[in-house]
Amino acid sequence: LWNTPIFILFIALFICGGIAGSITGQLTSINDTSIIKSFADTIEESAKLAPTFLDAVKAMLSALSWQILIIALGLLKPAGLFICMALTIRGFILAFSASALFGALGAKGILISLCSSGLTWVVTVPCLITSAVACYMSAKQAPKGKRLSYFYVLKSQRAVLFVCILISMWASALKLP
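In this text the structure is predicted, and so the values were computed from the model without any measurement.

(A) Region of the structure containing a nonpolar patch on the surface. Residues Ile11, Ile15, Ile19, Ile23, Leu27 and Ile30 make up a contiguous nonpolar surface patch of about 570 Å² in total accessible area. Here Ile30 is to be found in helix α1 (residues 5-31).

Written out as structure tokens, the structure is:
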């Protein structure tokens, strides 16, 4: 999966979304920083509280939802377009939040972003991109005209998907303060 051109394309699209998110985050932080500062205060306050089991479940379900979205998008036609859009949006969201915090708070914003979820992104993003490649390749290999043939072909990638989902959920649960 990692030696395919589609893997490089998906990484490039994620980075393009990240660039757009960074620029938008900076522009947002120039106009009004009060909302961003209140968001940062909320993150700092929640970091002081002991996480509950429900917090861990919410974090894991968040990671699971992105993985399931990628699997579901592989079922749509054209799968490549929808998977590319999801990866670009994910890159945008992650970069926007970090960039807006940086623009409003400077180095403290980067620290808040890294502590709240930045280290988790280091694990979950490669897993998401790997899952996206597996789903895209399965969608391309599936026989045309048969609706469930995608899932039949996707079975050949079940080990990759299972490991990526498991690692993403584990990393998301660990991001808790």
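(B) Geometry of unusual backbone geometry. Cis geometry marks the peptide bond from Lys77 to Pro78; its omega dihedral reads -10 degrees. Mapped onto the elements of the fold, Pro78 is located in the loop between α3 (53-73) and α4 (79-105).

(C) Layout of the packing of aromatic side chains. Considering all chains together, one arrives at 3 aromatic pairs under this definition. Between the aromatic rings of Phe92 and Phe96, the centroid separation amounts to 6.0 Å while the plane-to-plane angle is 10 degrees, which identifies the pairing as stacked. Of this pair, Phe92 and Phe96 are both found in helix α4, 4 residues apart, which corresponds to roughly one turn of the helix. Residue class for Phe96 comes out partly exposed when judged on its relative accessible area of 27%.

(D) Representation of the packing of α1 against helix α5 (residues 107-141) in the model. At a minimum axis separation of 10 Å, α1 and α5 run at an interaxial angle of 130 degrees. Classified by the interaxial angle, the pair formed by α1 and α5 is oblique. Between α1 and α5 lies a crossing of right-handed hand. Contacts between α1 and α5 pair Ile6, Phe7, Phe10, Ile11 and Phe14 from the former with Val125, Ile129, Thr130, Ala132, Val133 and Tyr136 from the latter. Tallied by class, residues from the contact of α1 with α5 come to 10 nonpolar, 1 polar and no charged.

(E) The arrangement of the environment of Ile110 in detail. Tracing the chain through its elements places Ile110 in helix α5. Sequence separation of Ile110 and Ser99 is 11 residues, and the distance between their C-alpha atoms is 7.9 Å. When near neighbours in sequence (up to four residues on either side) are disregarded, Ile110 contacts Ala98 and Phe102.

(F) Looking closely at the side chain of Ser113. With respect to the element layout, Ser113 can be found in helix α5. If near-sequence neighbours (up to four positions away) are discounted, Ser113 is found in contact with Ala98, Leu101, Gly118 and Trp121.

Parameters and conventions
- Residues numbered from 1 in each chain as written.
- Predicted model: local features only at pLDDT ≥ 70, side-chain atom pairs only at ≥ 80, totals over all residues.
- Heavy atoms only, no water.
- Patch = residues over 30% accessible without salt bridge, like charges linked within 9 Å, V, L, I, M, F, W, Y side chains within 5 Å.
- Areas by Shrake-Rupley, 256 points an atom, 1.4 Å probe, with all protein chains shown as cover.
- Salt bridge = Lys/Arg side-chain N within 4 Å of Asp/Glu carboxyl O.
- Helix = DSSP H or I, 4+ residues; strand = E, 2+ residues; numbered from the N terminus.
- Phe/Tyr/Trp six-rings, centres within 6.5 Å; stacked < 30°, edge-to-face > 60°.
- Buried < 20%, exposed > 50% of the residue type's maximum accessible area, 1.4 Å probe, protein only.
- Axes fitted to C-alpha atoms, helices over the stretch in contact; angles between N-to-C directions.
- Parallel < 35°, antiparallel > 145°, perpendicular 65-115°, else oblique.
- Left-handed = near helix turned anticlockwise from the far one by under 90°.
- Contact = heavy atoms within 4.5 Å.
- Nonpolar A, V, L, I, M, F, W, Y, C, P; charged D, E, K, R; others polar.

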